Structures are given as structure tokens and as C-alpha cells.
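Chain and residue survey
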Amino acid sequence: ETMTTPIPSHIIEVENRIYGKNPMGVGISRDALMFCPAKDYSTLQADAETKIKYYGCRCWSHDVLTTEDIKKKLSLIQFPLELQQKTPIRVLHRRNSIIRTKYIYHIQYEQIDDHYFHLHLSTSAGTYVKEFVHGDLGRTQPNMATLMGVSQTDILQLDCEGVQVSE
């Protein structure tokens, strides 16, 4: 069904900003933009909890890493790994302060050098991956530092590598 209602000027302005900087619109065609009824958004949100997300992370450790030691510690993890994540400090201004239970389904560790490493993770939807890596001042338990037995870890780059939706 074609929408005959005129498009509000603020929508046209946003559209022009998107396509003005990127003619390809980050892979979205101009024709694909349309209004979404609230019930469709609710359906989308309901499906969110059944998704598994895949991430690649470039990380850093304060302590010197030894591949054998870290891999041995990570091999002891029983998956799915249950996390308790308090609302991250970086989003507290816009989210309720609660504790969320999330899951890590898989961790693949690759050492780059004495302090840098790469992780491939699969997680439940809604997992705060940055906070899982750096611990968010202890607000995410367990976190990579506690699992690796090091004093501090941080995340330098985070890439979403895929999403699996349950049927």
C-alpha cells in the first residue's frame, strides 16, 4: 500500500542528512524508508531476546599475557556462561538501574602480543559486550579480567560480525 500522506519536513531533513553524506545510505535505499507502526516495533523488540549475536573484539590487558595460561583458564569455563550485568555507567542516564542476566555462549581467544588479544564472542542479545570486556568497575560479573586472572582489561575495537535469529 502506497503512503499518500505528505512526509513531514523533519523526516526529509534527516533523510537528506543520511544520503547527503553517503549516497548509498549505508546500504539502505531511499525507497525503503517508511513509517513503522508501533505494533511492528513491539514485534521486533519481542524477537530481540531470542537472538544470538557474534562479535569480534580487539582488547588490551594491563598484565603480560601468556597464551597457554589464558587458554587453560578460558577452557575451564562452562558455557553458557551466565553474566550479571548492572546497567552500565555509560547508559545510566537513559536506562533503569537494574541487574540483567545475560549469557556468553562461546569465547575464542587469539593472542596478538604480550598485552593485546582478539576475542570472538557469541552472546545473548542485549549483552553489554564492552562492559563484559572491561568489567565496568565491577558492575559486570564475571568479566574478561576475572576470567583471565588479570588485573585489568579494556576493549579497543568492537565489531558485530553476525546475528542469528531463532525460528
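Located above this text is the structure these notes cover.
Residues numbered from 1 in each chain as written. Predicted model: local features only at pLDDT ≥ 70, side-chain atom pairs only at ≥ 80, totals over all residues. Heavy atoms only, no water.

**Focus: the overall build of the protein chain**
A count of helical and extended segments in the protein chain gives five helices and six strands. Listed by position from the N terminus, the elements making up the protein chain come as α-α-β-α-β-β-β-α-β-α-β. Scored against the burial criterion, the 167 residues of the protein chain give a buried share of 31%. Considering only intrachain contacts with a sequence separation of at least 6, the fraction spanning at least 24 residues in the protein chain is 67%. (Helix = DSSP H or I, 4+ residues; strand = E, 2+ residues; numbered from the N terminus. Buried < 20%, exposed > 50% of the residue type's maximum accessible area, 1.4 Å probe, protein only. Contact = heavy atoms within 4.5 Å.)

**Here's the deal with the pattern of salt bridges**
This structure, assessed with the given rule, holds three salt bridges. With a shortest N-O distance of 3.3 Å, D69 and K73 are connected by a salt bridge. Note that D69 and K73 are positioned in helix α3 (residues 67-75) at a spacing of four residues, about one turn of the helix. Residue K73 is classed as partly exposed on the basis of its relative accessible area, which comes to 29%. In this structure, the salt-bridge partner of R90 is E131, at a minimum N-O distance of 2.6 Å. Of this pair, R90 sits in the loop between β2 (81-86) and β3 (99-111) while E131 sits in helix α4 (residues 129-134); the two residues are 41 residues apart in sequence, bridging distant segments of the chain. According to the relative accessible area criterion, R90 is partly exposed, its value standing at 41%. The buried category is assigned to E131, whose relative accessible area is 1%. (Salt bridge = Lys/Arg side-chain N within 4 Å of Asp/Glu carboxyl O.)

**Structural notes on the nonpolar core**
Formed by 24 residues in total, the largest nonpolar core has its most connected members in L74, I107, L119, F132, M144 and M148. Of all the elements in the fold, those that place two or more residues in this core are β1 (51-61), α3, β2, β3, β4 (116-124), α4 and α5 (144-148). Of all the elements, α5 adds the most residues to this core, at four residues. Not counting the four nearest positions on each side in its chain, L119 is found in contact with Y55, G56, C57, C59, I107, Q108, Y109, V133 and M144. (Core = buried A, V, L, I, M, F, W, Y, C linked by side-chain atoms within 4.5 Å.)

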